[in-house]
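Report on the structure
What follows is the residue order along each chain.
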Amino acid sequence: MRGLIRFSVIVPVVVAGFGAGVLALWPVGAPEPAAFPPGDAERGAYLARASGCVSCHTNAAAKGLALAGGAPLDTPFGIFVPPNITPHPTAGIGGWTIQDFAKAVRQGVSPEGDPYYPVFTYSFYAGFTDQEIADLWEAFRTVPPVADAAPAHDVGFPFSFRSGLKLWRAAYLDAPETDALMGTSSPWNRGRLLVEGAAHCAACHTGRTLAGGLDASARFAGNDSLPGGSKAPSILTADLLEGGWTVANLAYALQSGLLPNGDAFGGSMAEVVAEGTSYLTDADRAAIATYLLDADGTGTIPTPPPPATETPMAGMDHSQMDMTNEN
């Protein structure tokens with residue numbers, strides 16, 4: 001009997017250990033090009049703003065230095081801290097090659113071959129071209145190096161087992177659909193490229209599964225479980241139109257942070273505007289609005305109904321913002 005008990009305990013442990021070993025040996029990622037085109041720092045800085053690199057990797061609330069590490073993100077899986085991505089050789093990414101950088105950004109794989117946690121929105125950047133990678137790389141190299149490394153993630157088992165992320169990648173890692181569609185306008189296609197790719201709007205405005213993957217059945221329908229307990233509203237076309245949004249006022253909100261009713265974005269959306277969309281061109285903000293308000297690319301955006309007269313208090317947190325004006 002004792003032998004049977006030992007067997008029933010030891011066998012699962014051995015099987016689990018074998019499975020963990022197999023996962024650890026399972027390679028992820030593909031080789032990046034041996035050479036990249038010359039980068040343009042100005043274009044790269046623009047893309048970094050559009051992609052949220054600055055807002056995520058800078059702890060503005062704590063008056064942190066640019067790209068020296070972001071504010072901790074409290075999630076059900078643990079606390080994640082965006083790392084220092086300044087060109088410091090040890091505390092940042094100054095010791096990387098451009099191939100290391102490309103693999104991190106487009107594939108979510110570290111220079112050591114380990115998968116990054118999907119709190120890093122690399123899946124949305126999978127379609128970045130070699131030129132865009134070179135531009136970003138050149139832009140980051142112009143940032144003053146910061147010698148202080150960001151704190152480590154605080155993630156408990158089993159999520160601390162990095163190799164387990166390979167299973168997550170197999171289930172959820174998909175490249176964004178950003179290719180231009182025939183028969184649609186240039187602004188719509190540009191908006192699609194930004195919304196589905198660089199601006200990664202779905203990362204906040206789409207709910208998650210229990211495993212942390214995007215819930216494809218709830219795309220853009222809002223998310224009540226953002227890091228820190230915040231919420232993001234629906235940005236479905238029907239909901240935006242019902243809320244009184246137009247291309248003009250949505251584009252203006254992405255520039256100024258001001259809503260049509262005179263209120264202002266708060267919390268995480270205020271940060272997105274302040275550190276990201278406010279730096280975009282008028283044409284790109286209008287393109288984002290065009291895409292969101294014409295999900296099917298019909299070329300026709302209905303006139304929204306008049307918004308409700310009751311408005312939320314100014315300055316409230318993004319978790320309480322009602323972009324649909326449903327009162």
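Residues numbered from 1 in each chain as written. Predicted model: local features only at pLDDT ≥ 70, side-chain atom pairs only at ≥ 80, totals over all residues. Heavy atoms only, no water.

The next thing to look at is the side chain of N84. Its place among the elements puts N84 in the loop between β2 (78–80) and α4 (98–107). Using a relative accessible area of 4% as the deciding quantity, one classes N84 as buried. Polar side-chain contacts of N84 include one of 3.0 Å to the backbone oxygen of V146. Only 3.0 Å separates the side chain of N84 from the backbone oxygen of D148, close enough to count as a polar contact. Setting aside its immediate chain neighbours within four residues, N84 contacts L67, A68, G69, A91, G92, I93, V146, D148 and A150. (Helix = DSSP H or I, 4+ residues; strand = E, 2+ residues; numbered from the N terminus. Buried < 20%, exposed > 50% of the residue type's maximum accessible area, 1.4 Å probe, protein only. Polar contact = N/O pair within 3.5 Å; in protein donor to acceptor, adjacent residues only side chain to side chain. Contact = heavy atoms within 4.5 Å.)

So, on to the state of the cysteines. Counted by the stated rule, this structure contains 0 disulfides. No disulfide involves C53; its nearest neighbouring cysteine sulfur is the one of C56, lying 8.2 Å away. Between C201, a free cysteine, and C204, which holds the nearest cysteine sulfur, the sulfur-to-sulfur gap is 8.8 Å. (Disulfide = S-S within 2.5 Å.)

Here we come to helix α6 (residues 165–172). Residues of α6 that are buried include every one of L165, K166, W168 and R169, and no others. Within α6, the buried residues cover an arc of 155° as seen down the axis, which keeps them to one side. In α6, the exposed positions angled more than 90 degrees off the buried face are occupied by A170 and A171. (Arc of directions from axis to C-beta.)

Within the secondary structure, H88 is located in the loop between β2 and α4. The exposure class assigned to H88 is buried, which follows from its relative accessible area of 17%. A polar contact of 3.0 Å, which involves the side chain of H88, links it to the backbone nitrogen of A91. Apart from residues lying up to four places away in sequence, H88 is in contact with I93, G94, G95, P145, V146 and A147.

Across its 12 residues, helix α12 (residues 282–293) extends 16 Å between first and last C-alpha, which sits within 8% of the 16 Å expected from 1.5 Å per residue. With 9 of 12 residues buried, α12 is to be regarded as a mostly interior element. Along α12, the residues that are buried comprise D284, R285, A287, I288, A289, T290, Y291, L292 and L293. Buried residues along α12 sit in contact with α2 (41–50), α7 (186–198), α9 (237–242) and α10 (247–256). (Expected span 1.5 Å × (residues − 1).)

Two numbers describe how α7 lies on α12: the axes approach to 7 Å, and their chain directions differ by 90°. The angle between α7 and α12 places the two elements in the roughly perpendicular class. Along its contact with α7, which presents P187, W188, R190, G191, R192, L194, V195 and E196, the element α12 presents D284, A287, I288, T290, Y291 and L292. By residue class, the composition of the contact of α7 with α12 is 8 nonpolar, 2 polar and 4 charged. (Axes fitted to C-alpha atoms, helices over the stretch in contact; angles between N-to-C directions. Parallel < 35°, antiparallel > 145°, perpendicular 65-115°, else oblique. Nonpolar A, V, L, I, M, F, W, Y, C, P; charged D, E, K, R; others polar.)

The predicted model of the protein has a mean per-residue pLDDT of 85, with 84% of residues at 70 or higher. Confidence over residues 310–327 falls short of pLDDT 50; this stretch has 48 contacts with residues more than four positions distant or in other chains. (pLDDT = per-residue confidence, 0-100.)

As a further point, take the pattern of salt bridges. Applying the stated criterion to the full structure yields 9 salt bridges. Put simply, R43 and D135 hold a salt bridge, and the shortest N to O gap is 2.8 Å. Of the two residues, R43 is situated in helix α2 and D135 in helix α5 (residues 130–140); the sequence distance between them amounts to 92 residues. The class for D135 is buried, based on a relative accessible area of 4%. The partner of D130 in a salt bridge is R106, with the nearest N and O atoms 2.9 Å apart. One end of the pair, D130, is in helix α5; the other, R106, is in helix α4, with 24 residues separating them in the sequence. By relative accessible area, which is 12% here, R106 ends up buried. Salt bridges linked by common partners bring E32, R106 and D130 together as one network. (Salt bridge = Lys/Arg side-chain N within 4 Å of Asp/Glu carboxyl O.)

Along the polypeptide, E112 turns up in the loop between α4 and α5. On the basis of relative accessible area, E112 is assigned to the exposed category, the value being 63%. Spatially, the C-alpha atom of E112 lies 9.0 Å from that of D100, the residues being 12 residues apart in sequence.

The subject of this paragraph is the packing of aromatic side chains. Both the distance between ring centres and the angle between the ring planes are used here to describe each pair of aromatic rings. Using the criterion set out here, one finds 9 aromatic pairs in the structure. Considering the side-chain rings of W168 and Y172, the 5.5 Å spacing of their centres and the 40° angle between planes classify their relative orientation as tilted. Here W168 pairs with Y172, and both are found in helix α6, just 4 residues apart, close to one helical turn. Put simply, the rings of Y116, F120, Y122, Y125 and F128 touch in pairs and so form one group of aromatic residues. The side chain of R49 reaches across the aromatic face of Y279, ending 3.7 Å from its centre. In this arrangement the basic side chain of R219 is found over the ring face of F220, its NZ or CZ atom lying 4.1 Å from the centre. (Phe/Tyr/Trp six-rings, centres within 6.5 Å; stacked < 30°, edge-to-face > 60°. Lys NZ or Arg CZ within 6 Å of the ring centre and 35° of its normal.)

Taken N-terminus to C-terminus, the directions of α10 and α12 make an angle of 130°; their axes are 8 Å apart at the nearest point. By the criterion of interaxial angle, the relationship of α10 to α12 is oblique. In this structure, α10 crosses over α12, and the sense of that crossing is right-handed. Here α10 contributes V247, L250, A251, L254 and Q255 to the contact with α12, which in turn contributes R285, A286, I288, A289, T290, L292 and L293. Broken down by class, the residue content of the contact of α10 with α12 amounts to 9 nonpolar, 2 polar and 1 charged. (Left-handed = near helix turned anticlockwise from the far one by under 90°.)

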